[in-house]
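# A structural walkthrough
What follows is each chain in one-letter form.
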Amino acid sequence: MATLHRPAEIITLLQDIERRSQQGAAGLSQKDNPEGAWSAIGFRIGKHHMLIPLDHAREMFPLPEEITRVPKSQAWVFGIANLRGDLLPIVDLQHFLMEKPSKLDKRSRILVLNHPEYFTGLLVDEVFGLKHYGRQPETHDPTQHLNLIPYLTGSVFQQGTQWLVMSFQKLAEDPRFINAAA
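Attention in this report is confined to the structure presented alongside it. All values derive from a computational prediction rather than experimental measurement.

### Side note on the overall build of the protein chain
- In terms of helices and strands, the protein chain carries four helices and ten strands.
- Mapped from its N terminus to its C terminus, the protein chain presents α and β elements in the order α-β-β-β-β-β-α-β-β-β-β-β-α-α.
- Scored against the burial criterion, the 182 residues of the protein chain give a buried share of 35%.
- Contacts in the protein chain between residues at least 24 apart in sequence constitute 59% of all its contacts with a sequence separation of at least 6.
- Carbon and sulfur atoms make up 54% of the accessible area of the protein chain, which totals about 11,600 Å².

Encoded structure:
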């Protein structure tokens, strides 16, 4: 049977719960964010597992149902979509980097660049979600993945998989990427 409490007891009880929650949260932030820790979004283009720092993407969403092709544009320009009233140019990232168009399926996603000048979506084959790492990525071996070198900042190995760390900022500053006209 429930015990009836007076308003003063309830307030004291709630204040105690709040105090303990804040103490627990403060302890977690100190333990779970060691120096050098970082978070990234994991995704795949072709057979390559990629990471981008969390602050390089604004958002991620499935392929829109309506995408309009852009006449007289580069082959890697996938099209334009309406994203909440704004026109979003979409680039097929695999086609741009490796000259091979992506194969669309239910796992295909659009990652929107977080760049002050360019509102652009990047078509990727799959998004794995948020990944957390306890230390900064290692320097990348430049002899591998020649098409990707200008956009890579490092790599991370996790459970037998090499994750290449990509910079969307470097991509957005590439003159070839900026010039989408054919």
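### A short note on the layout of surface pockets
- Space inside the largest pocket adds up to approximately 200 Å³.
- If you go around the largest pocket, you meet 13 residues; those closest to its centre are P89, V91, T120, F177 and A180.
- Among the secondary structure elements, those contributing two or more residues to the lining of the largest pocket are β4 (77-83), β5 (86-92) and α4 (175-178).
- Its residues assigned to classes, the lining of the largest pocket shows eleven nonpolar, two polar and no charged.

### A few points about the nonpolar core
- The biggest cluster of nonpolar side chains holds 26 residues, and the ones touching the most others in it are F43, L93, M166 and F168.
- Membership of the second largest hydrophobic core comes to nine residues, among which are A81, L83, I90 and I110.

### With respect to the sheet that holds strand β9 (residues 152-158)
- One open sheet accounts for five strands, arranged β8-β1-β2-β10-β9; its pairing is mixed. The open sheet has two free edges, formed respectively by β8 (126-133) and β9, since each of these has just one partner strand. Ignoring strand direction, the axes of neighbouring strands in this sheet form an average angle of 30 degrees.

### Regarding the sheet that holds β5
- Read from one edge to the other, the open sheet built from five strands follows the order β3-β6-β7-β5-β4, with strand pairing classed as mixed. Because the sheet does not close on itself, it has two edges, and the strands there are β3 (57-62) and β4. Going from strand to strand, the sheet's axes swing by 30 degrees on average, the running direction of each strand aside.
- As defined by bridge partners, β5 adjoins strand β7 (residues 121-124) across three bridges and the pair is classed as parallel.

### Comments concerning unusual backbone geometry
- Located in the positive-phi region is E99, a residue other than glycine, with phi close to 55 degrees.
- Mapped onto the elements, E99 comes out in the loop between α2 (93-98) and β6 (109-113).
- Judged by relative accessible area, which is 66%, E99 ranks as exposed.

### What to know about a nonpolar patch on the surface
- A contiguous nonpolar surface patch, about 360 Å² in accessible area, is contributed by I10, L13, L14 and I17.
- Topologically, I17 is positioned in helix α1 (residues 7-32).

Reading guide: rules and limits
- Residues numbered from 1 in each chain as written.
- Predicted model: local features only at pLDDT ≥ 70, side-chain atom pairs only at ≥ 80, totals over all residues.
- Heavy atoms only, no water.
- Helix = DSSP H or I, 4+ residues; strand = E, 2+ residues; numbered from the N terminus.
- Buried < 20%, exposed > 50% of the residue type's maximum accessible area, 1.4 Å probe, protein only.
- Contact = heavy atoms within 4.5 Å.
- Areas by Shrake-Rupley, 256 points an atom, 1.4 Å probe, with all protein chains shown as cover.
- 1 Å grid on protein atoms, 1.4 Å probe; cavity = no way out; pocket = protein on both sides within 12 Å on 5 of 7 lines; lining within 4 Å.
- Points joined across faces, edges and corners; volume = space filled by probe spheres on them.
- Nonpolar A, V, L, I, M, F, W, Y, C, P; charged D, E, K, R; others polar.
- Core = buried A, V, L, I, M, F, W, Y, C linked by side-chain atoms within 4.5 Å.
- Pairing = 2+ DSSP bridges.
- Axes fitted to C-alpha atoms, helices over the stretch in contact; angles between N-to-C directions.
- Patch = residues over 30% accessible without salt bridge, like charges linked within 9 Å, V, L, I, M, F, W, Y side chains within 5 Å.
- Salt bridge = Lys/Arg side-chain N within 4 Å of Asp/Glu carboxyl O.

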